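Commentary on secondary and tertiary structure
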Amino acid sequence: HETVCIFGTGDFGRSLGLKMLQCGYSIVFGSRNPHMSSLLPSGAEVLSYSEAAQKSDVIIITVHREHYDFLTELIEVLNGKILVDVSNNLKINQYPESNAEYLAQLVPGARVVKAFNTISAWALQSGALDASRQVFVCGNDSKAKQRVMDIVRTLGLTPLDQGSLMAAKEIENYPLQLFPLWKFPFYLSAVLCAFLFFYCVIREVIYPYVHEKKDSTFRMAISIPNRVFPIAALTLLALVYLPGVIAAILQLYRGTKYRRFPDWLDHWMLCRKQLGLIALGFAFLHVIYTLVIPIRYYVRWMSRNMTITQATTKKENPFSTSTAWLNDSYISLGILGFFLFVLLGITSLPSVSNTVNWREFRFVQSKLGYLTLILCTAHTLVYGGKRFLSPSILRWYLPSAYVIALIIPCTVLVSKFILILPCIDRTLTRIRQGWE
Amino acid sequence: HETVCIFGTGDFGRSLGLKMLQCGYSIVFGSRNPHMSSLLPSGAEVLSYSEAAQKSDVIIITVHREHYDFLTELIEVLNGKILVDVSNNLKINQYPESNAEYLAQLVPGARVVKAFNTISAWALQSGALDASRQVFVCGNDSKAKQRVMDIVRTLGLTPLDQGSLMAAKEIENYPLQLFPLWKFPFYLSAVLCAFLFFYCVIREVIYPYVHEKKDSTFRMAISIPNRVFPIAALTLLALVYLPGVIAAILQLYRGTKYRRFPDWLDHWMLCRKQLGLIALGFAFLHVIYTLVIPIRYYVRWMSRNMTITQATTKKENPFSTSTAWLNDSYISLGILGFFLFVLLGITSLPSVSNTVNWREFRFVQSKLGYLTLILCTAHTLVYGGKRFLSPSILRWYLPSAYVIALIIPCTVLVSKFILILPCIDRTLTRIRQGWE
Amino acid sequence: HETVCIFGTGDFGRSLGLKMLQCGYSIVFGSRNPHMSSLLPSGAEVLSYSEAAQKSDVIIITVHREHYDFLTELIEVLNGKILVDVSNNLKINQYPESNAEYLAQLVPGARVVKAFNTISAWALQSGALDASRQVFVCGNDSKAKQRVMDIVRTLGLTPLDQGSLMAAKEIENYPLQLFPLWKFPFYLSAVLCAFLFFYCVIREVIYPYVHEKKDSTFRMAISIPNRVFPIAALTLLALVYLPGVIAAILQLYRGTKYRRFPDWLDHWMLCRKQLGLIALGFAFLHVIYTLVIPIRYYVRWMSRNMTITQATTKKENPFSTSTAWLNDSYISLGILGFFLFVLLGITSLPSVSNTVNWREFRFVQSKLGYLTLILCTAHTLVYGGKRFLSPSILRWYLPSAYVIALIIPCTVLVSKFILILPCIDRTLTRIRQGWE
Ligand SMILES: Cc1cc2nc3c(=O)[nH]c(=O)nc-3n(C[C@H](O)[C@H](O)[C@H](O)COP(=O)(O)OP(=O)(O)OC[C@H]3O[C@@H](n4cnc5c(N)ncnc54)[C@H](O)[C@@H]3O)c2cc1C
Ligand SMILES: Cc1cc2nc3c(=O)[nH]c(=O)nc-3n(C[C@H](O)[C@H](O)[C@H](O)COP(=O)(O)OP(=O)(O)OC[C@H]3O[C@@H](n4cnc5c(N)ncnc54)[C@H](O)[C@@H]3O)c2cc1C
Ligand SMILES: Cc1cc2nc3c(=O)[nH]c(=O)nc-3n(C[C@H](O)[C@H](O)[C@H](O)COP(=O)(O)OP(=O)(O)OC[C@H]3O[C@@H](n4cnc5c(N)ncnc54)[C@H](O)[C@@H]3O)c2cc1C
Ligand SMILES: NC(=O)c1ccc[n+]([C@@H]2O[C@H](COP(=O)([O-])OP(=O)(O)OC[C@H]3O[C@@H](n4cnc5c(N)ncnc54)[C@H](OP(=O)(O)O)[C@@H]3O)[C@@H](O)[C@H]2O)c1
Ligand SMILES: NC(=O)c1ccc[n+]([C@@H]2O[C@H](COP(=O)([O-])OP(=O)(O)OC[C@H]3O[C@@H](n4cnc5c(N)ncnc54)[C@H](OP(=O)(O)O)[C@@H]3O)[C@@H](O)[C@H]2O)c1
Ligand SMILES: NC(=O)c1ccc[n+]([C@@H]2O[C@H](COP(=O)([O-])OP(=O)(O)OC[C@H]3O[C@@H](n4cnc5c(N)ncnc54)[C@H](OP(=O)(O)O)[C@@H]3O)[C@@H](O)[C@H]2O)c1
Ligand SMILES: CCCCCCCCCCCCCCCC(=O)OC[C@H](COP(=O)(O)O)OC(=O)CCCCCCCCCCCCCCC
Ligand SMILES: CCCCCCCCCCCCCCCC(=O)OC[C@H](COP(=O)(O)O)OC(=O)CCCCCCCCCCCCCCC
Ligand SMILES: CCCCCCCCCCCCCCCC(=O)OC[C@H](COP(=O)(O)O)OC(=O)CCCCCCCCCCCCCCC
Ligand code: HEM
Ligand code: HEM
Ligand code: HEM
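First, a word on what this report is: a plain description of the structure on this page. In this numbering scheme, every chain counts its residues from 1 along its sequence in written order. Think of it this way: whatever chain is written first is A, whatever ligand is written first is 1, and the rest follow in order. Given that the model is predicted, a residue must reach a pLDDT of at least 70 before its local features are reported, and side-chain atom pairs must reach 80 or more before they are shown or counted; all residues, however, enter totals for whole chains, interfaces and linings. Calculated side-chain values reflect all of the structure's heavy atoms, with hydrogen atoms and water omitted.

This part covers the sheet that holds strand 3 (residues 45-48) of chain C. All names here are of chain C. Strands are treated as partners if at least two bridges between them are detected by DSSP. Put simply, DSSP H or I for four residues or longer makes a helix, DSSP E for two residues or longer makes a strand, and each gets a number counted from the N terminus. Ordered in space as 3-2-1-4-5-6-7-8, the eight strands form an open sheet in which the pairing is mixed. Two strands in the sheet have a free side with no partner beyond their single neighbour: strand 3 and strand 8 (158-161). Taking the axes of each pair of neighbouring strands and ignoring which way they run, one obtains an average angle of 30 degrees across the sheet. In this structure, strand 1 (residues 3-7) lies alongside strand 2 (residues 26-31), joined through five bridges in parallel fashion. Looking at the pairing, Val4 lines up with Ile27 of strand 2. Here, residues are in contact when the closest pair of their heavy atoms is within 4.5 Å. Here the axes come from fitting lines to C-alpha atoms, over the contacting stretch only for helices, and the angles between their N-to-C directions go from 0 to 180 degrees. Against the sheet, helix 4 (residues 99-106) touches strand 4 (58-61), strand 5 (82-85) and strand 6 (111-114), its axis set at about 170 degrees to strand 6. The strands touched by helix 6 (residues 142-154) are strand 1, strand 4, strand 5, strand 6, strand 7 (134-139) and strand 8; relative to strand 8, the strand with the most contacts, the crossing angle is about 155 degrees.

Shown next, in the form of structure tokens:
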């Protein structure tokens, strides 16, 4: 039964203490008022800070950085001890130096290790460790670090060694981040959606209003979103596969793989996963918006009126096999595309991608990914069908939105097609295998 | 090549032996009839129990507790050895003491470690370790425990130290549990559904039968479930966010966070995830039940008849933009709400929640969660629309079901709105940061 | 700061070097042209191969197997060192012996450890370790292996000990595999789909063409897939539960569980998960194909025409409660079946199945799985309804496809029902508990 000392009897100290007691450690708390502390886990001892420090050579400091001053009085007792800094700040780069480095300056004789700051007190106590189980650890003394990592492991968490105490800054920033890799894809798709939305509003709300004085504002609730979302999905999907094509062209042009890609390309390639998942989200919305079509009042009203008109005017409405073919095939292509899309999504779940090997992952993400892109592009092309180039779809010289939707996907598919021509592919493969 | 001894050549012994052989251990089996054992993994030695025991100081006892008696004859050979107890019982608390403690009593000189009981023989052998890879380990001798944990790790499993042998009881109960955290949410939703079902049957089947002698029993297959499920979903979703509000009020009232919540609140807060996932399941059912509406015979029959009636009576049916707006917006709100709902579901997958940090997890679960609640409540409100307070919807003084559905969500949203008013929020934040 | 030497400054060498530097190692590269190497991570030293080898006793050889010859010149310097072989081949079984064994032959004095070959350079560098984080390690010297496993762990990866160097062959084949367990289920379902597709084409396209000269080819886009997919789903689902039934009969017949199942049964039982997931994929397609029915041009045309015909012929079309009941119930059964199906899918996600215990996993997969099968079979039975045995559905003596669909599921359900009769179940349980 190893003894560990915890300074501070606040939320985090108590939660950690309880957890460590359960995992077989003996705990000694250090507190300003050892006799007033309530709610402490039973089985733990509470002493004054200086007394507690003498009981163990591992001391976990669960006190806010702002109150670290009291440690200066304990410099002697703390000499040679392992001090674990768990503190977080409220803002990124709030202080010039990291809390752990500050602690190391305050108590020069101690061996400071940064750890546990990404774990929440509430999660620790309730056992509902739903956010990350990873504990980033860093420190200059590797023995001290090893001791702390053993504790982390014993608590059922996963320690990750991040090197020397200089990494503390980054570790302290980590819990303050909010989806850094998602930022660019998110803004990109927001801008894309806004643009498409206004484009469609102009064509489908303002234009009819100006020309026919027709109030079609209600289209902004479903009809227009159901144009914006699929187009955004298709465009983002194409943007997932565009950087790979650009990279290949660059490698061909340079004749070597041993040169760094430009920064924007590097960054773009790193956020392809996020772009793809957002595209999946839009595709999902498109599918549901499409499936509710027959429930809509507007659609039911239209359909009823058309039936009545046809019945009363006694106009013939012969069945057109070619229309049936076109209609059924574009729907079918969409469904198959969506199915593969979902498959791509499932294989990006961390637990699934961890169980497949690299070749399998590439097979799904690259081969099936291109197949998805082909199916979705074909879906849109067949949907556009004959109307595609007819001038009647222009309104104020603006073409239908799906015409715009097709530009990037078609570019990507054509370039890729050229790149996999045997002669070019062979050169590329040679370059990528490092045999220049 | 470390040598390990396994007592018993049953299912579990053989599977474990095979696995350990593959991972580089030498295995000696102990058996009652060393010469009759078949099916044993090739490469393993089979001896009598006492001979086998002498070959290694780690002995894994893969024998049912009922047959442990024969070990008393081997007390001398087993002195100082590490005995690994893997046994399970058939019922929770079947025996007064845990199997491992019983073993320790039987062979007082041995160092008993509990491990492996959560792993299934079949899974071990087939490699399809689909249920948990976690191996809970406990024991009084920490060196012995460490040895066993090393073996666990070498087999590619994850050891979790649970402390002293007193934890064995809990570890032995673990594989006998059946979704303990899901129990309360499950029963709650069952009761809720049953109540709503009868409520709707009274209003929509019995009432028309009594008043108009109309047989609407067929509504029990789709129409009524499609009222019960969405209402249950909305109510459960609101119940997910209610305890947070209650907790905040309690903290404000007490002026401190350093007092335990009442037990019922604690338990409620721990099963919010489960409540939320069940709500998601109901929402999913609601969505599919809604999407099949136009396929139903009843709906097609109605729609056809109404068209014919309108055609023959030549009644006008002018297009109402406001109806189109209302109809499209409540559907659109529902779709967006469902989308966020699914997102909440995806982030509760253990592998996803493990890769996000605490701030990100809270952002999704708390911020987006409230947004989901708002969207779903708005969906229902707009659906109810003008009919909401009209007395004509009362049948036998019973209001429409969705009116009931709105009570809890609206309460939660209003309370939360009050709690985030700047003045109250500031006090609350101060309390939660521990600066009282 | 431990020093590690890396031979070769190619893609993999540089990526690994960078990662190790970040994790606190000192790195010395060995290269043919130490002065020409560019793009190397800053902080690393570059020397000639022989000089670099002297700096550390762990040397990672990131050179293709084809170029290993140069190592023969360094035999003396490499004596006693730990050589880590990371190489992969381009084809399975490209060389008679594994690369690692070849390396061990080339440099007999060195202690060779195989590791890292499953990790991709690009993933390592970009931090996007989306494919597996598992590092398979093998080697004859257990101390050397331990050293390498420590490095693996420090890099945040998961080492898995695979035993002696003889395992290297298998480890080298691993990254070349492409979904080995999915092969059989995939081919099986491809054959099944092809057969069903032709069957339906004969009944629904060729037959009407021959008899009525009607062009129904457009049915091949949606109508026929929406017959093929659900039938494939139901059949595969039944095939998931068939081997369990066969196994039980075999055990009953043999009276013991201590005899191996025939190989085909073993293999079948191991790929049930894959069969089930493919079935889920088909069911998903069936659901979407069903939900788009009302959007189809053909369906809208039909519905409009039928309404008009009814309006003009003034034929009565009374509401049939029993049809409404039948129609609503088969749809409702399908929805509930699909819901449970999705639940089965979710619990097969590795991260979910890792958090449930064996009993819970069996409860979902076995109990709820059978419930799913029952619901889906009932869905099809009720859909078939009265038409089931009417001779009018025969075309060229071929029955409707769903009649075929029902054979295997009904067989499985009936057999299972017999097996759980108390008398038989008791015998079976006794056999399975090993008390013969
Ligand atoms: C729904 C969805 C989910 C997704 N999830 C993920 C995910 O989880 N993880 C993920 O990474 N992506 C994900 N993506 C993005 C995308 O599918 C993958 O990045 C995919 O691998 C890109 O394929 P590619 O063929 O364009 O690129 P790649 O085949 O990777 O090639 C792109 C370029 O990288 C360079 N390159 C690749 N290999 C080498 C090499 N050996 N040597 C030198 N250069 C090389 C080449 O220049 C190449 O042109 C997802 C996409 C979608 C739509
Ligand atoms: C589909 C779905 C899936 C879900 N999955 C999950 C899941 O995987 N995991 C999960 O946990 N929940 C899950 N939930 C439940 C729910 O989303 C979360 O619990 C969510 O965090 C609740 O947010 P809240 O704002 O009400 O509570 P919180 O913001 O957590 O606050 C609730 C109360 O806790 C107390 N509290 C919180 N932080 C502190 C603190 N620092 N100090 C003192 N007291 C504090 C306060 O009293 C506060 O009022 C899920 C819900 C749904 C609908
Ligand atoms: C969508 C979907 C997803 C699926 N995902 C998975 C998955 O992730 N993992 C998975 O494994 N399967 C998966 N399956 C397949 C299937 O659900 C399971 O294999 C299920 O456990 C089979 O149940 P059973 O009752 O037929 O077989 P079991 O109850 O396992 O029994 C089958 C036979 O195994 C033998 N057996 C079982 N236990 C013992 C024992 N203690 N002693 C001796 N013999 C024994 C018996 O002979 C028994 O008859 C999935 C299926 C579907 C449809
Ligand atoms: N809460 C979390 O979820 C979480 C997560 C990760 C990291 N952390 C970090 O853990 C540390 C503690 O957080 P916490 O939430 O436990 O805070 P807290 O509840 O406010 O507790 C702080 C404790 O510090 C002690 N302390 C010592 N000197 C003090 C002083 N001058 N003024 C006030 N308190 C003093 C007090 O203990 P005594 O009264 O016994 O002296 C007090 O209980 C912080 O650095 C925080 O960043 C917290
Ligand atoms: N099966 C599982 O999936 C699983 C999972 C986790 C834990 N466990 C635990 O592992 C233990 C063994 O389970 P099992 O499934 O392997 O059981 P089993 O197949 O019935 O084997 C039990 C073995 O115990 C030996 N034994 C010794 N004395 C005995 C006696 N008097 N009567 C009968 N057998 C005697 C026998 O081996 P010899 O003939 O060689 O003497 C027999 O093969 C149990 O404690 C069980 O709880 C099993
Ligand atoms: N790339 C991956 O994703 C990956 C993944 C897992 C395993 N691996 C394995 O790692 C090894 C290296 O792969 P890599 O992608 O890094 O290959 P690479 O880029 O082609 O690099 C190979 C390096 O080997 C060195 N080398 C020594 N003698 C050589 C010779 N006669 N001809 C050519 N090069 C010679 C060169 O370094 P100097 O110029 O400095 O001498 C060269 O940079 C291979 O065995 C591969 O299977 C690679
Ligand atoms: C339902 C269909 C999908 C609907 C919604 C699509 C989701 C789109 C966005 C997903 C966002 C996940 C946020 C994760 C937060 C995060 O940062 O997560 C970060 C993690 C991991 O990041 P790293 O591994 O890169 O560090 O990313 C993920 O885990 C991604 C999870 C992807 C999940 C996709 C799941 C698809 C499920 C498919 C079922 C669909 C069925 C559809 C039937 C109609
Ligand atoms: C398809 C949509 C979702 C439909 C069904 C919703 C699921 C509702 C219930 C989930 C139950 C999971 C049982 C887990 C067993 C367990 O105890 O599991 C226990 C685990 C982990 O528990 P702890 O981490 O708390 O120990 O819980 C989970 O892992 C929860 C998994 C949640 C999965 C939600 C997945 C949503 C997927 C979204 C895709 C939706 C696409 C929709 C398109 C139309
Ligand atoms: C959307 C519904 C589902 C649609 C598609 C169903 C998926 C069918 C095929 C899944 C294939 C996964 C390929 C994995 C690659 C692999 O080898 O993966 C291998 C891994 C693990 O293998 P081992 O653990 O056996 O080694 O397998 C898996 O992880 C399986 C993951 C299954 C995921 C099912 C997820 C269902 C999600 C449910 C949401 C549905 C919502 C529906 C709403 C309408
Ligand atoms: C289940 C799957 C799908 C179905 C049933 C489906 C159906 C449809 C339908 C009916 C339309 C016409 C909409 C209208 O009339 O306004 C359409 C348009 C479109 N779809 Fe899909 N689709 C599916 C999947 C996808 C996917 C996965 C994508 C791409 C990512 C996609 C991209 C598009 C695009 C770009 C349009 C044109 C939008 C416009 O300008 O109106 N679809 N789809
Ligand atoms: C794709 C998403 C959704 C769609 C298309 C949708 C559609 C509908 C429709 C058409 C109705 C009217 C049903 C009827 O006429 O009987 C309805 C009602 C309702 N919906 Fe939704 N909905 C969606 C999502 C949600 C979600 C996520 C919730 C909440 C959790 C929800 C809660 C409700 C409630 C409470 C009702 C009233 C039920 C009643 O009393 O009839 N819906 N929805
Ligand atoms: C949301 C869930 C489901 C719905 C709404 C649904 C609906 C339908 C409908 C409307 C049909 C008649 C199709 C037609 O007229 O051609 C049908 C047929 C069928 N369904 Fe489903 N279904 C569902 C889920 C399932 C599932 C999970 C399975 C089985 C795995 C299944 C198996 C079948 C089979 C075998 C047929 C007969 C196919 C034929 O011969 O036409 N269904 N379903």
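Time to look at the interface of chain C and chain A. Residue-level contacts link 56 residues of chain C with 52 residues of chain A. Here the quantity called buried area is the accessible surface, traced with a 1.4 Å probe, that two parts lose on coming together, added over both. Between chain C and chain A lies a buried interface of about 5000 Å² when both sides are counted; carbon and sulfur atoms form 68% of it. For this document, the term salt bridge refers to a Lys or Arg side-chain nitrogen within 4 Å of an Asp or Glu carboxyl oxygen. Where chain C packs against chain A, one counts one salt bridge. A salt bridge links Asp328(A) to Arg296(C); the nearest nitrogen and oxygen atoms lie 2.8 Å apart.

Tallying the contact residues gives 53 residues for chain C and 56 residues for chain B. In this assembly, chain C packs against chain B so that about 5000 Å² is buried in total across both faces, 68% of it on carbon and sulfur atoms. Throughout this description, a polar contact denotes any pair of N or O atoms lying within 3.5 Å of each other; where both atoms belong to protein, one of them has to be capable of donating a hydrogen while the other can accept it, and for residues adjacent in sequence the pair is counted only when both atoms sit in side chains. The interface formed by chain C and chain B includes twelve residue pairs in polar contact (both at pLDDT 80 or more). Every element with two or more residues in the side of chain C that touches chain B is listed here: strand 8, helix 10 (263-270), helix 11 (272-291), helix 12 (297-313), helix 13 (321-348), helix 14 (350-353) and helix 15 (358-384) of chain C. Looking at which element gives the most residues to the side of chain C that touches chain B, the answer is helix 13 of chain C, with 14 residues. Of the residues belonging to the side of chain C that touches chain B, the class tally is 26 nonpolar, 18 polar and nine charged. Residues were grouped as follows: Ala, Val, Leu, Ile, Met, Phe, Trp, Tyr, Cys and Pro as nonpolar; Asp, Glu, Lys and Arg as charged; and all remaining residues, including Gly, as polar.

Scope: geometric values only; no functional claims are made or implied.
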